[in-house]
Amino acid sequence: MATNKPAEEPILSVKDLKIDFRTFAGPVHAIRDVSFDLKKGETLAIVGESGSGKSVTVRSIMGLLANNAHIASGQIMFHDADILKKTKRQLNAMRGNDIAMIFQDPMTSLDPTMPIGKQVAEPLRLHTNISEKKALAEAVRVLKLVGIQDAQERLKDYPHQFSGGQRQRIVIAIAIINHPQILLADEPTTALDVTIQAQIIHLLKEIQEKIDTSIIFITHDLGVVAGIADRVAVMYAGKIIEYGTVDEIFYNAQHPYTWGLLEAMPTLETNSDRLYAIPGTPPDLLDPPKGDAFAPRNPFAMQIDLEQQPPFFQVSPTHAAATWLLYPGAPKVELPPEIKRRRQIWETQFAGKEAE
Amino acid sequence: MVKYVLKRIGYLLLTLFIVASITFFLMKLLPGTPFNNPKIPAAQIAILRKQYGLDLPVWQQYLNYMVGIAHGDFGESYQFAGQTVSYLISTRIGPSLQLGVQAMIIGTLLGILLGAIAAIRKNTWVDATATIFAIIGRSIPNFVFAALLQFWLAYKWRLFPIALWDGFSSSILPTLALAMAPLANTARFMRTEMVDVLSSDYIELAKSKGESQWQVVAKHAMRNSMIPIVTIIGPMAVDLMLGSLVVENVFAIPGIGQQFVQSITTNDYPVIMGLTMLYSVMLTVVILIVDILYGFIDPRIRLSGEGN
Ligand SMILES: Nc1ncnc2c1ncn2[C@@H]1O[C@H](COP(=O)(O)OP(=O)(O)OP(=O)(O)O)[C@@H](O)[C@H]1O
Ligand SMILES: [Mg+2]
């Protein structure tokens, strides 16, 4: 399990990141003090509802923020350099080489007017001095790796000649052709149907082993997380509100928002056509609340949640949550049934091992 | 592909047949006769009418005319006795074609460039300037440009010949005047398209590969933004043909446009009909070329075209 790995130097370290977007209505505080580490070879899932700031976070790592973005504070340390301080030229040298990205919608992320072979070979041509011919040969190899078996014959084909699942494989091939140290996957399976989702996740795992890369996997669906991630960070309204190993988040979650996400997740045991969504809507980021942003939707909210931002309370060396419920002396709450069930699993299966 | 082109040529012939028929009967409906000079004696007119076959019943005239066309014979001019329409057109078409092609090339190329720059520098003074320029280009008729260019560049500053047709330098001002509308049109179109394309996912992906802005534009954005431009080439060609009617007059260029205006004022029916046919041919050919071109730059169309 991830917790038993020796503590490694993080390959990427985001510290106190604050990002605003200038709009006509005023600054949108999209990222509010986000910090996390990504370790070598691990997969970190960032989970949260729409608008919580997942995409903005990974875009800032790529240096691909919109023009109206303003980085109010923070650092993104990659090896010994701060990505936020890189020049355009340095960013171009990094993108698609050290850090690569996989996008959400395979139907629109390939250039419709360029043969796929050329598109896959492009990052290689950009970052090395390899000849076109050799780059195309490498493209064939990588396309086969991602499961396009007849790659050689299909190099000259255009994106519209492939299915959605195949296109996402091609997008993945583009991302991995330079063996990046970090892969940023922004909801890479959301646009695909369920069986293809599973295939793509399996493929990502396989590739991760082959090219030894770290992955940040973004999703709003906790359901896909178990299959791929080592650790999970839960985001709400521009903040990370809980993080931990997959098991800690799935079976010992502490933040009521994480509980809500877990309840919204169809499992084998629960009836999957009973769809549950957390009631209410996220706060307006033009004017974020001063306490816990989730408080207005939180049935367990206390007075202090409305007044003061909860700090992170450490649950284990790898697990922490920002909720006043963890404050020593906070009243014990009656857990929702699904969370109670998960706690029981946690206590019988994991708690003992954890103590060793 | 060959099959597709043949089919299109078939359509083209059908279109021409219909255009020829319609123009023929429209001409017959017009009140003026070609020989309406009151000084010509009636007996003389009767001879002329017989000579041009105008005494025959209309259906007979129509038949003769269509058979003639099929053999490439468009009849003789009423105005210039003894000169065939084909000959008249062939002596006039050179300057017009040259102007049209030059204006088209300059207009679209500069328009694409201007529109692309405006889109890349969206919401800056560059963009604003380009937009104003495009609005001016679209709203001011080309003969005004023609007159302005003629007055300043030719008359005042003596940089170019004022008028007449005498080598390349005399084609520059009319070309510029004619190019203004397609330039403005293309620029406006290109800007809209390019702004769209630049915010698309595959451009995002291109950036994430590590391409510089220049590379993104050159490798991905230009081609994709230019696809829809192809669709306005047809209408722009029409504009150019019609626009040249007046511009040719301003610069006294012995082209088709000038001939057309002259023929209309003298009721020279055979020439008018011949020119109408010529315009129709050119238009349908332009549209055919555009369709083929479309397939070339958009692979998605290419495939469905082959399926035909
Ligand atoms: N260019 C921008 N200008 C203004 N606001 C922006 C801009 N980009 C993002 N935002 C805002 O920042 C917040 C976070 O957006 P983000 O795209 O990161 O959400 P997300 O978690 O990725 O959601 P989703 O699951 O829908 O992709 C949202 O409130 C969004 O409206
Ligand atoms: Mg997103």
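Residues numbered from 1 in each chain as written. Chains lettered and ligands numbered in written order. Predicted model: local features only at pLDDT ≥ 70, side-chain atom pairs only at ≥ 80, totals over all residues. Heavy atoms only, no water.

A. Molecular detail of the UniProt feature "transmembrane region" (unreviewed entry) in chain B. Within the UniProt annotation, "transmembrane region" (unreviewed entry) is assigned to residues 9–27, 99–120, 132–153, 159–184, 229–251 and 271–294 of chain B. Helix makes up 100% of residues 271–294 of chain B and strand 0%. Its end C-alpha atoms lie 34 Å apart. (UniProt positions renumbered as here; feature names shortened; annotations may be inferred. Helix = DSSP H or I, 4+ residues; strand = E, 2+ residues; numbered from the N terminus.)

B. Broad picture of the interface of chain A and chain B. Opposite the 26 residues of chain A that make contact, chain B presents 21 residues. Counting each side, the surface lost to burial between chain A and chain B is near 2,100 Å², with a carbon and sulfur contribution of 59%. Where chain A touches chain B, the interface holds three salt bridges. A salt bridge links B:Lys209 to A:Glu122; the nearest nitrogen and oxygen atoms lie 2.6 Å apart. (Contact = heavy atoms within 4.5 Å. Buried area = accessible area lost by both parts, 1.4 Å probe. Salt bridge = Lys/Arg side-chain N within 4 Å of Asp/Glu carboxyl O.)

C. Just the UniProt feature "domain: ABC transmembrane type-1" (unreviewed entry) in chain B, in detail. Under the feature "domain: ABC transmembrane type-1" (unreviewed entry), the UniProt entry names residues 93–294 of chain B. Across residues 93–294 of chain B, the secondary structure splits into 83% helix and 0% strand, with the terminal C-alpha atoms separated by 28 Å.

D. Molecular detail of the site of ligand 1. Residues and elements named next belong to chain A. Residues in close proximity to ligand 1 total 15 residues, the closest being Ser50, Gly51, Lys54, Ser55 and Val56. Within the contact set of ligand 1, an oxygen atom lies 2.5 Å away from a side-chain nitrogen or oxygen of Ser50. Relative to its free-state accessible area of 640 Å², ligand 1 is covered by the protein chains to the extent of 68%. If you list the elements that add at least two residues to the shell around ligand 1, you get β1 (10–23) and α1 (54–62). Broken down by element, the shell around ligand 1 gets its largest block of residues, three residues, from α1. Its residues placed into classes, the shell around ligand 1 shows five nonpolar, seven polar and three charged. (Near = heavy atom within 4 Å. Polar contact = N/O pair within 3.5 Å; in protein donor to acceptor, adjacent residues only side chain to side chain. Areas by Shrake-Rupley, 256 points an atom, 1.4 Å probe, with all protein chains shown as cover. Nonpolar A, V, L, I, M, F, W, Y, C, P; charged D, E, K, R; others polar.)

E. Spatial organisation of the packing of helix α4 (residues 85–120) of chain B against helix α10 (residues 229–250) of chain B. Residue and element names in this part refer to chain B. Relative to each other, α4 and α10 sit at 130 degrees, their axes nearing to 10 Å. Considered as vectors, α4 and α10 are oriented oblique to each other. As α4 runs across α10, the sense of the crossing is right-handed. Between α4, through Ser96, Leu99, Gly100, Ala103, Met104 and Thr108, and α10, the contact on the second element is made entirely by Ile233, Met236, Ala237, Leu240 and Glu248. Residue composition of the contact of α4 with α10, by class: seven nonpolar, three polar and one charged. (Axes fitted to C-alpha atoms, helices over the stretch in contact; angles between N-to-C directions. Parallel < 35°, antiparallel > 145°, perpendicular 65-115°, else oblique. Left-handed = near helix turned anticlockwise from the far one by under 90°.)

F. Geometry of the packing of aromatic side chains. The final tally for this structure, using the stated rule, is 15 aromatic pairs over all chains. Ring centres of A:Phe313 and A:Tyr327 lie 6.2 Å apart, and the angle between their planes is 70 degrees; this geometry places the pair in the edge-to-face category. In this pair, A:Phe313 is assigned in strand β11 (residues 313–316) and A:Tyr327 in the loop between β12 (319–321) and α11 (337–355), connecting sequence segments 14 residues apart. Classification of A:Phe313 as buried rests on a relative accessible area of 15%. Measuring from ring centre to ring centre gives 4.9 Å for B:Phe25 and B:Tyr62, while their planes differ by 35 degrees; the resulting arrangement is tilted. Taken together, the residues B:Phe25 in helix α1 (residues 2–29) and B:Tyr62 in helix α3 (residues 58–70) connect sequence positions 37 residues apart. These aromatic residues form a ring-pair network of at least three members: B:Phe24, B:Phe25, B:Tyr62 and B:Tyr65. Here A:Arg154 stacks its cationic end above the ring of A:Phe162, 3.9 Å away from the centre of that ring. (Phe/Tyr/Trp six-rings, centres within 6.5 Å; stacked < 30°, edge-to-face > 60°. Buried < 20%, exposed > 50% of the residue type's maximum accessible area, 1.4 Å probe, protein only. Lys NZ or Arg CZ within 6 Å of the ring centre and 35° of its normal.)

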